[in-house]
Amino acid sequence: MEQYGYGIWAVWQSIGVSLIAGLLLAYFGARIWVWAVAILLLFYVAGSPLWLIILAIVVAAISVIPPWRRTLFTRPVMLTIDRMGLLPAISDTERVALEAGKVWVEGELFSGRPDWARIRETPYPELSSEEQAFLDGPVQELCDLVDDWKVWTNRQFPEEAWQLMRREKIFGMIIPTKYGGLGFSAMANSAVVAKLQSHCNPLSTTVMVPNSLGPAELLIHYGTQAQREHYLAHLANGTFLPAFALTEPAAGSDAGAIQADGVLFRDESGEVKIRLNWQKRYITLSAVAEILGVAFKLRDPEDILGRGESLGITCALVPSDTPGIKRGRRHDPLGVPFVNAPFEGHDVVVPLDAIIGEEKGAGDGWRMLMESLAAGRGISLPASAVGSSKAVYLAVSAHSAVRRQFGLPIGKFEGIEEPLARIGGFTYLMDAARVSTLGAIDSGEAPAVVTAILKYHLTELGRKVINDGMDILGGNAISSGPRNVLAHFYFSNPIAITVEGANILTRSLIIFGQGALRCHPWAYKEISALAAKDVGLFDRAFIGHIGHVVRNAARCILLGITRGHAAMVPGRGIVRQYIRRLTWASTSFAFLADLAMASLGGSLKRKEKITGRFADIFSWLYLASATIRRFEAEGSRKEDIPYFRWSMEYALGEIQRAFEGLFANMTVPGFTWWMRGPALLWHRLNSFGKGPSDRVGHKVAQLMQMPGPQRNRIAAGVYMGHDKTRGLQRLEHALNLVAAVRPIEAKVSKAVRVGQLARKPKSTRFDRARASGIITDEEAAKIHEAAKASWEAIQVDDFDEASYLRHHASAY
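**Student:** Summarise the overall build of the chain; cite the residues concerned and give the values.
**Tutor:** Within the chain, the secondary structure is distributed over 35 helices and nine strands. For 812 residues, the compact-globule estimate of 2.2 N^0.38 gives 28 Å, and the C-alpha radius of gyration of the chain, at 31 Å, lies within 12% of that figure. Seen through its C-alpha atoms, the chain measures out along the principal axes to roughly 100 × 100 × 45 Å. Put simply, the chain has 812 residues, and 55% of those count as buried. Taking the contacts inside the chain whose residues are at least 6 apart along the sequence as the reference set, 76% of them involve residues at least 24 apart. A total accessible area of about 35100 Å² is found for the chain, and carbon and sulfur atoms account for 57% of it. The chain carries 89 positive and 79 negative side-chain charges, and their two centres are separated by 8 Å.

**Student:** Could you give me a rundown of helix H31 (residues 727-740), with the residues and numbers involved?
**Tutor:** Taking 1.5 Å as the rise per residue, H31 with 14 residues should run 20 Å; its terminal C-alpha atoms sit 21 Å apart, in good agreement. Burial of H31 is extensive: ten of the 14 residues sit out of reach of the surface. For H31, the set of buried residues is Leu728, Gln729, Arg730, Leu731, Glu732, Ala734, Leu735, Leu737, Val738 and Ala739. Buried-residue contacts for H31 involve helix H16 (380-402), helix H30 (709-714), helix H32 (742-753) and helix H34 (777-793).

**Student:** Just give me the short version of the packing of aromatic side chains, but keep the residues and values in it.
**Tutor:** Inspection of every chain in the model, using the stated rule, returns 29 aromatic pairs. Between Phe110 and Phe512, the ring centres sit 6.2 Å apart and the planes meet at 15°, which makes this aromatic pair stacked. Taken together, the residues Phe110 in helix H6 (residues 106-111) and Phe512 in the loop between helix H21 (503-511) and helix H22 (515-518) connect sequence positions 402 residues apart. Of the two residues, Phe110 and Phe512, neither departs from the other in class, the shared state being buried. Between Trp152 and Phe491, the aromatic rings sit 5.9 Å apart at their centres with planes inclined by 40°, giving tilted as the arrangement. Of the two residues, Trp152 is situated in helix H9 (residues 148-154) and Phe491 in helix H20 (residues 487-498); the sequence distance between them amounts to 339 residues.

**Student:** Go over helix H27 (residues 641-665), please, and point to the residues and values.
**Tutor:** Over its 25 residues, H27 runs 36 Å from end to end, which matches the ideal 36 Å to within 8%, given 1.5 Å per residue. Of all 25 residues in H27, 19 are buried; the element is thus mostly enclosed.

**Student:** Can you explain the nonpolar core? Please cite residues and give values.
**Tutor:** Within the largest apolar cluster, 126 residues are counted, with the highest numbers of intra-cluster contacts made by Leu486, Phe512, Leu582, Phe589, Phe614, Phe644 and Ile655. Every residue in contact with Leu582, bar those within four places of it in the chain, is listed here: Trp116, Leu621, Ala624, Ser625, Ile628, Met648, Leu652 and Ile655. Among the nonpolar cores identified, the runner-up in size contains 62 residues, and Leu182, Ala191, Met208 and Ile304 belong to it.

**Student:** Summarise the side chain of Ser687; cite the residues concerned and give the values.
**Tutor:** Along the polypeptide, Ser687 turns up in the loop between helix H28 (672-685) and helix H29 (694-704). Residue class for Ser687 comes out buried when judged on its relative accessible area of 7%.

**Student:** I'd like a description of the state of the cysteines, backed by residues and values.
**Tutor:** Between two cysteines, a covalent bond joining their sulfur atoms is known as a disulfide. In total, this model carries zero disulfides according to the counting rule given. Here Cys519 stays unpaired: no disulfide links it, and the sulfur of Cys556, its closest cysteine neighbor, is 18 Å away.

**Student:** Describe in detail the pairing of strand S3 (residues 272-284), supporting the description with residues and values.
**Tutor:** Here is the key point about a regular strand: its side chains alternate between the two faces of the sheet. Bridging between strand S2 (residues 261-266) and S3 involves six bridges; their strand directions are antiparallel. Within S3, the residue paired with Arg266 across the bridge is Val272. Linking S2 to S3, which pair antiparallel, is a turn of five residues; within it Gly270 sits at a positive phi near 90°. Sheet analysis places S3 next to strand S7 (residues 340-351), joined by nine bridges and oriented antiparallel. Its bridge partner being in S7, Arg275 is matched across the sheet by Val349.

**Student:** So, the packing of helix H26 (residues 608-633) against H27: which residues are in play, and what are the values?
**Tutor:** It is the contact of H26 with H27, at a shortest axis distance of 9 Å, that shows an interaxial angle of 165°. Between H26 and H27, the crossing angle belongs to the class labelled roughly antiparallel. Like other packed secondary-structure pairs, H26 and H27 cross with a definite hand, here left-handed.

**Student:** Could you give an account of a nonpolar patch on the surface, naming the residues involved and the relevant values?
**Tutor:** A surface patch of nonpolar side chains, about 270 Å² in accessible area, is lined by Ile504, Leu505 and Leu509. Tracing the chain through its elements places Ile504 in helix H21. Assessed through its relative accessible area of 68%, Ile504 is described here as exposed.

**Student:** Please provide a residue-by-residue account of the pattern of salt bridges, values included.
**Tutor:** Note that side chains of opposite charge can pair when their charged atoms are close. Taken as a whole and judged by the stated rule, the model has 32 salt bridges. For Lys273, the salt bridge goes to Asp267, with nearest N and O atoms at 3.3 Å. Asp431 is the partner of Lys390 in a salt bridge, and the nearest nitrogen-oxygen pair spans 2.9 Å. Taken together, the residues span a long stretch of sequence, with Lys390 in helix H16 and Asp431 in helix H17 (residues 414-442) at a distance of 41 residues.

**Student:** With reference to specific residues and values, describe unusual backbone geometry.
**Tutor:** Geometrically, the link from Lys760 to Pro761 is a cis peptide bond, its omega value of 0° lying close to zero. Residue position: Pro761 is located in the loop between H32 and helix H33 (765-771). With a phi close to 60°, Tyr282 is a non-glycine residue in the positive phi region. Checked against the element boundaries, Tyr282 lands in strand S3.

**Student:** Tell me about the confidence of the model for the chain, and please be specific about residues and values.
**Tutor:** Here the chain shows a mean pLDDT of 89. Residues at 70 or above account for 91%. Low pLDDT, under 50, characterises residues 1-30; the predicted model gives this stretch 40 contacts beyond four residues in sequence or across chains.

**Student:** Before we move on, can you summarise the environment of Gln710 with the specific residues and values?
**Tutor:** Here Gln710 shows up in helix H30. When its relative accessible area of 13% is taken as the criterion, Gln710 is described as buried. Separated by 517 residues in sequence, Gln710 and Val193 have C-alpha atoms that sit 23 Å apart. Once you skip the residues sitting within four places of it in the chain, Gln710 turns out to touch Glu639, Asp640, Tyr643 and Leu703. There is a polar contact of 2.8 Å between the side chain of Gln710 and the backbone oxygen of Glu639.

**Student:** Mind laying out the packing of helix H5 (residues 92-99) against helix H15 (residues 365-376), listing which residues take part and the relevant values?
**Tutor:** Across the interface, H5 lies against H15 with an axial gap of 8 Å and an inter-helix angle of 35°. Both H5 and H15 take part in a crossing whose hand is right-handed. In contact with Thr93, Val96 and Ala97 of H5, H15 contributes Trp366, Arg367 and Met370. Among the residues forming the contact of H5 with H15, the class breakdown is four nonpolar, one polar and one charged.

**Student:** A description of the pairing of S2 should follow, citing residues and the corresponding values.
**Tutor:** Alignment of S2 against strand S4 (residues 291-299), held across three bridges, turns out to be parallel. Residue Gly262 lies in a different strand from S4, and its bridge partner there is Leu298.

**Student:** For the side chain of Ser790, give the residues involved together with the corresponding values.
**Tutor:** Locating Ser790 in the fold gives a position in helix H34. Judged by its relative accessible area of 11%, Ser790 is buried. Not counting chain neighbours up to four residues away, the residues in contact with Ser790 comprise Val402, Ala734 and Val738.

**Student:** For the environment of Ser508, give the residues involved together with the corresponding values.
**Tutor:** Within the fold, Ser508 resides in helix H21. In this structure Ser508 comes out as buried when scored by relative accessible area, which is 4%. Not counting chain neighbours up to four residues away, the residues in contact with Ser508 comprise Gly513, Glu608, Thr611 and Gly612. Polar side-chain contacts of Ser508 include one of 3.2 Å to the backbone oxygen of Ile504.

Quick notes on the rules
- Residues numbered from 1 in each chain as written.
- Predicted model: local features only at pLDDT ≥ 70, side-chain atom pairs only at ≥ 80, totals over all residues.
- Heavy atoms only, no water.
- Helix = DSSP H or I, 4+ residues; strand = E, 2+ residues; numbered from the N terminus.
- Rg over C-alpha atoms; globule rule 2.2 N^0.38 Å.
- Buried < 20%, exposed > 50% of the residue type's maximum accessible area, 1.4 Å probe, protein only.
- Contact = heavy atoms within 4.5 Å.
- Areas by Shrake-Rupley, 256 points an atom, 1.4 Å probe, with all protein chains shown as cover.
- Lys, Arg positive; Asp, Glu negative; His and termini not counted.
- Charge placed at Lys NZ, Arg CZ, Asp CG, Glu CD.
- Expected span 1.5 Å × (residues − 1).
- Phe/Tyr/Trp six-rings, centres within 6.5 Å; stacked < 30°, edge-to-face > 60°.
- Core = buried A, V, L, I, M, F, W, Y, C linked by side-chain atoms within 4.5 Å.
- Disulfide = S-S within 2.5 Å.
- Pairing = 2+ DSSP bridges.
- Axes fitted to C-alpha atoms, helices over the stretch in contact; angles between N-to-C directions.
- Parallel < 35°, antiparallel > 145°, perpendicular 65-115°, else oblique.
- Left-handed = near helix turned anticlockwise from the far one by under 90°.
- Patch = residues over 30% accessible without salt bridge, like charges linked within 9 Å, V, L, I, M, F, W, Y side chains within 5 Å.
- Salt bridge = Lys/Arg side-chain N within 4 Å of Asp/Glu carboxyl O.
- pLDDT = per-residue confidence, 0-100.
- Polar contact = N/O pair within 3.5 Å; in protein donor to acceptor, adjacent residues only side chain to side chain.
- Nonpolar A, V, L, I, M, F, W, Y, C, P; charged D, E, K, R; others polar.

Structure follows, in structure tokens:
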């Protein structure tokens, strides 16, 4: 019995010590003394012989005494990694791109142990009173002036619109007030673009380009004082309309491959000048711009500046009337009538001070572009996607409520509810991510990876929204004309997918390709130390990285077994539940990312299917965290729970799908069988999420069809217009009338059920109800008014032969 009791005690002692060691590693694994203690405890519990324990103590002593560790362990490891190429080499252009912008909350999500207090306290901005007044005043007036259908038919804006844009300095939203601009926040810039986009895509594009990457942005941050004073006031009031030329036939997403050439030389008077030659394409506003920003590779064959021949990518401002510039042709981007064109420069001569930043800016263009894009990707195109998605939200939900088939509004059918819920959930999530990211930008952050996430996913989700909208509206969506409020979004969406870095490459190369190095707490430090041959720096980074991996491995096991419940997280109720699951997903992502980097080494960036799935997990972690931020910032409204729950479940479902793809396809030497077998099975049985339920989708779809404050809030910032017979206002007017008569319809339906009113003929039911006194004359009039508005709302356009041919001749 004594032996039996001692055996039981030994078992419990072993379990207890093992748990203590595991918890130490799970929560303090980045500290090397913790590993030493944990390993010694495990040796002790295992009943190891004395010589083995002594050996373990010696190894532990080496590991915790830095000089010994660097000499006996770190240096050999560093030399081996360098010789075998296990870490990717970073070129100078890649380094500039990696160091552009800052790491924001995405670093928390990559760590495997997010600081949710920090994430939940990030700014969630609102417009200032001045900015809101601008949106309600000049922007509303501009939309009133522009008829979207006429723009598409005539291929141009009315002159009054151009005059208003110049007078109200809409082209100078980002330019500080001291230089004559409006000095608006990124939030205001985004709101203006979104509102214009909800009404007319060519208009939003024309306004967004001067307020994004281009001459004004570059001058504000990198220009000399003299350049700012000369250009910015003219750019703000539209005297100088700008364009910026980067893309070329051989340089699209790989902007570093530009072939535009600039050569420094001295003219006859001895003045230093630049001779430029270029061939650019896809340049918005270039055909009408007065000032052209041109990116080119600058060479100094005579070493005039004393910095060698190849100076690198440079940005310069060139007046469009400079001799040698060839313009006059236009691109036709899917028929969308905004100004987009190729143009060329042949032996165009400009002074040295045409370079942005003058001589100091020579060769500094790549850094300027990368730093500007680090913030800019999070403003214009995401705003455009949200603006069109909100317009689709309003149009499709109203149509679903007023369009009847088989005696019911089509929004009652489950087949319609499913895509309708996607439109509602995506719109809620997209706006949450947009505003959260703008909060970072307006706070002085420039989170390059987050803005890439935003550009990629919001334009992709916008594509899903418009596709679902087209399916629901059916014939109303495919019949072109002024009544069709969806078709122009459908035509223009692929353009947003393509520009500022094609989405395919943004997903695989930027979000995870850069994110794995930029957001990982140790990887970039290791690569930098390896390049510098600095053993001390490499030691700190490598040991920290090992601790990071060990901690996340232990946390993976613990959180996986408990489905995230072992995580110590803040929040209450439904928010706390989702934070737990996201923390669990973050830990699993961090560990798997390290496993991929260790097993694939420098070849990982070429495994774009793998990096794409990692990018999806990383992205949806951020999008879900932004959705939590919105829900809490808006007061955790009970009525918004269906939108919140749908968005969160969708995000977790996408995370789960990406994890399954990784386990099924990732190669880990010696453990691939484990990844594709037991690990994949475990993750399928113990999933992060399976997507939104039908029940939640039903709630979202029905809420979308109910006019009122919530619906207006979800779609806030959309241009509605004043004419109840046109655009979104036509559908919204019909929805309001239909919603108002629902109690009257219910009264008549009850009368039919109890036999007070004959069921047929249905066409005269309301007239008979009025005649029988079941409803009043006023109520009957409301029924007829709603029916008339509903009928008008579902009508499509048709044309006589001459008008049809004239329209298509102008459009195509």
